[in-house]
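# Residue-level structure breakdown
Residue strings, one per chain:
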Amino acid sequence: MASLRNGSSRFLPVIAATSLLAIVVSASPLLAQGGPSGFTLGTGLAYGFDRFDGAKGVENAFGWDLRGGYRAGYVGADVGLQYFPSFDVAHDETSGEIKDLLIGANVKVYPLPDWSFEPYALAGVGMTRIESDTETVVVEGEDPVKSSDKDTGVVLRFGAGFEFSISEGTAVFFEGSYVLDLDRNPDADIVPIVGGIRLLF
């Protein structure tokens with residue numbers, strides 16, 4: 001995949017987050033006619049399925065999710081953080097781990113805002129910070145060769161989920177998405193699945 005990395009691309013998630021929140025908040029009087037409106041805060045447990053091209057022996061990983069934003073009836077926007085502390089690597093003579101930090105802004109569309117069970121679709125843009133530490137045994141009996149790498153890139157996110165209201169202002173949510181890496185070759189895509197709780201203020 002062709003690299004999109006340049007000086008301005010690193011500011012893309014910040015610009016997107018500010019713009020998305022400003023649009024949703026400014027339009028909230030009209031949009032809120034279809035359902036709940038207010039600021040949101042959520043957290044949950046994440047599980048990441050790796051789609052790292054060219055990386056063999058990488059295991060899926062647990063992580064955590066934190067998000068906050070604004071909901072206005074049919075539409076919402078949030079800024080979120082997902083962290084996966086250890087995608088374990090074990091292939092042939094190489095072992096180690098990969099850490100992945102995702103920060104991004106998303107827009108969500110709720111087609112059934114008046115229901116207790118609310119499905120939604122989402123799309124967003126963000127940044128990913130990947131750190132890898134591996135050891136490779138080159139000669140049996142000798143110290144392994146250690147390797148470390150850190151990289152930051154721009155990602156797109158597409159997904160869907162649902163929220164189920166358990167009381168006024170409180171809901172549980174379940175969400176799946178595909179995070180598309182735009183900067184690295186080979187790509188470092190992942191598929192996060194998240195379940196947690198969301199509060200509406």
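Scroll up to find the structure this text is about.
As the structure is a computational prediction, the values presented were derived from the model and not from experiment. (Residues numbered from 1 in each chain as written. Predicted model: local features only at pLDDT ≥ 70, side-chain atom pairs only at ≥ 80, totals over all residues. Heavy atoms only, no water.)

## What to know about the nonpolar core
Residues Phe52, Val58, Phe84, Phe87, Ile98, Leu102 and Ile190 are the most contacted members of the largest nonpolar core, which totals 19 residues. Only strand 1 (37–52), strand 3 (75–91), strand 4 (94–109), strand 5 (117–136), strand 7 (170–181) and strand 8 (188–200) provide two or more residues apiece to this core. For Ile190, the residues in contact, after removing those within four places along its chain, are Phe49, Asp50, Arg51, Phe52, Phe84, Phe87, Asp100, Leu102, Ser177, Tyr178 and Val179. (Core = buried A, V, L, I, M, F, W, Y, C linked by side-chain atoms within 4.5 Å. Buried < 20%, exposed > 50% of the residue type's maximum accessible area, 1.4 Å probe, protein only. Helix = DSSP H or I, 4+ residues; strand = E, 2+ residues; numbered from the N terminus. Contact = heavy atoms within 4.5 Å.)

## Here we look at the pairing of strand 6 (residues 145–167)
Taken together, the 20 bridges between strand 5 and strand 6 define a ladder with antiparallel strand orientation. Along strand 6, the bridge assignment pairs Leu122 with Gly159. Bridge analysis of strand 6 against strand 7 gives 12 bridges, and the strand direction is antiparallel. When the sheet's bridge partners are listed, Phe158 is paired in strand 7 with Tyr178. (Pairing = 2+ DSSP bridges.)

## Overview of the packing of aromatic side chains
Using the criterion set out here, one finds eight aromatic pairs in the structure. Where Phe84 meets Phe87, the ring centres are 5.6 Å apart and the plane angle is 45 degrees; that geometry is what we call tilted. The exposure class assigned to Phe84 is buried, which follows from its relative accessible area of 0%. Cluster of aromatic residues (ring-pair linked, three or more members): Tyr47, Phe49 and Phe62. The ring centre of Tyr110 lies 3.5 Å from the NZ or CZ of Arg71, which sits over that ring. (Phe/Tyr/Trp six-rings, centres within 6.5 Å; stacked < 30°, edge-to-face > 60°. Lys NZ or Arg CZ within 6 Å of the ring centre and 35° of its normal.)

## Re the pairing of strand 7
From the end of strand 6 to the start of strand 7, which pair antiparallel, there are two residues, and Gly169 there has a positive phi angle of about 85 degrees. Pairing of strand 7 with strand 8, which is carried by eight bridges, proceeds in the antiparallel orientation. The residue bridging Phe173 from the neighbouring strand is Gly196, located in strand 8.

## Topic: the pattern of salt bridges
On inspection of all chains with the given rule, the structure shows seven salt bridges. When the shortest N-O distance is used, the salt bridge between Lys108 and Asp78 registers 2.9 Å. Taken as a pair, Lys108 in strand 4 and Asp78 in strand 3 lie far apart in primary sequence, 30 residues in all. Pair check on accessibility: Lys108 and Asp78 agree, each one buried. We note a salt bridge from Glu175 to Lys108, for which the minimum N-O separation is 3.8 Å. Separated by 67 residues along the polypeptide, Glu175 in strand 7 and Lys108 in strand 4 bring together distant segments of the chain. Both residues of the pair, Glu175 and Lys108, count as buried. Salt bridges sharing partners connect three or more residues here, namely Asp65, Arg67, Asp78, Lys108 and Glu175. (Salt bridge = Lys/Arg side-chain N within 4 Å of Asp/Glu carboxyl O.)

## Notes on the environment of Ala121
When you line up the elements, Ala121 lands in strand 5. Given the relative accessible area of 41%, Ala121 is considered partly exposed. Among all residues touching Ala121, those that are not within four sequence positions of it are Val107, Lys108, Val109, Gly159 and Ala160.

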